[in-house]
Amino acid sequence: MKNTQKMGQLRPYSPLRMVARLKGISKLAEETGMTRNGVQKVLSEDGNPGFENINAIMQAMGYRLIAEKLEMPAS
């Protein structure tokens, strides 16, 4: 699938890809220690990045991931 949805779910990397383009892929690559092609591959539609890569990219953009417990409906 070429759009931002895959199997009915929103692809989470689309917003990161947009911010990465604004900041500059080369600058992100330099700040994360990844290659330019590596950053592009991580954020591609077909990318399957590990947590470390996403975390490094988000930190270079000035963001961080936070784990938050979801409230689950009573069953």
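Residue positions are given per chain, counting from 1 as you read along its sequence in written order. This being a predicted model, a pLDDT of at least 70 is required before a residue's local features are given, and a value of 80 or more before pairs of side-chain atoms are given or counted; all residues contribute to the totals for chains, interfaces and linings. No hydrogens and no water enter the side-chain calculation; it runs on all heavy atoms of the structure.

1. Describing the side chain of Thr-32
Then comes step 1: Helix numbers and strand numbers start at the N terminus; a helix is a DSSP run of H or I with at least 4 residues, a strand a run of E with at least 2. One can find Thr-32 in helix α2 (residues 25-32).
Then comes step 2: For Thr-32, the side chain forms a polar contact with the main-chain oxygen of Leu-28, separated by 2.9 Å.
Then comes step 3: Within the local environment of Thr-32, its side chain forms a polar contact with the backbone oxygen of Ala-29, the two atoms lying 3.3 Å apart.
Then comes step 4: Every residue pair with non-hydrogen atoms within 4.5 Å of one another is taken to be in contact. Beyond its immediate stretch of four places on either side in the chain, Thr-32 contacts Val-39, Ala-56, Ile-57 and Ala-60. Two N or O atoms count as a polar contact when they lie within 3.5 Å, although within protein this holds only if one can serve as hydrogen donor and the other as acceptor, and sequence-adjacent residues are included solely when both atoms are side-chain atoms.

2. Comments concerning the confidence of the model for the protein
Then comes step 1: In predicted models, pLDDT denotes the confidence assigned by the predictor to each residue on a 0 to 100 scale. Mean pLDDT for the protein: 83, with 83% of residues reaching 70 or above.
Then comes step 2: When mean pLDDT is taken per element in the protein, α2 scores highest with 94 and strand β1 (residues 5-6) scores lowest with 46.

3. Details of the nonpolar core
Then comes step 1: By nonpolar core we mean a set of buried residues, namely Ala, Val, Leu, Ile, Met, Phe, Trp, Tyr and Cys, connected to one another through side-chain atoms within 4.5 Å. Think of it in three bands: with a 1.4 Å probe and only protein chains considered, a residue is buried below 20% of the maximum accessible area for its type, exposed above 50%, and partly exposed in between. Ranked by internal contacts, the top residues of the largest apolar core, which has 14 residues, are Val-39, Leu-43 and Ile-57.
Then comes step 2: Of all the secondary structure elements, the ones that give two or more residues to this core are α1 (13-23), α2, α3 (36-42) and α4 (51-60).
Then comes step 3: Looking at this core element by element, the count peaks at 4 residues for α4.

4. Notes on α4
Then comes step 1: Of all the residues in α4, the buried ones are Ile-54, Ile-57, Met-58 and Ala-60. Looking straight down α4, one finds that the buried residues subtend no more than 160° of arc, so they occupy a single side. For α4, exposure combined with an orientation more than 90 degrees from the buried face picks out Phe-51, Glu-52 and Gln-59.
Then comes step 2: After α4 finishes, the residue Gly-62 shows a positive phi value of roughly 90°. Along the arc lie the directions from the helix axis toward the C-beta atoms.

5. Comments concerning the pattern of salt bridges
Then comes step 1: When a carboxyl oxygen of Asp or Glu lies within 4 Å of a side-chain nitrogen of Lys or Arg, that pair is called a salt bridge. Tallying each qualifying case throughout the model produces 3 salt bridges.
Then comes step 2: Of the charged contacts, one joins Arg-17 and Glu-45 as a salt bridge, the two residues approaching to 2.7 Å between their closest N and O atoms. With Arg-17 in helix α1 and Glu-45 in the loop between α3 and α4, this residue pair connects regions lying 28 residues apart in the sequence. Residues Arg-17 and Glu-45 agree in their burial class; the two are buried.
Then comes step 3: With its nearest N and O atoms 3.2 Å apart, the salt bridge here joins Lys-27 to Glu-31. Here Glu-31 and Lys-27 lie together in helix α2, a separation of 4 residues that amounts to about one turn.
Then comes step 4: One network of salt bridges, with partners in common, ties together Lys-23, Lys-27 and Glu-31.

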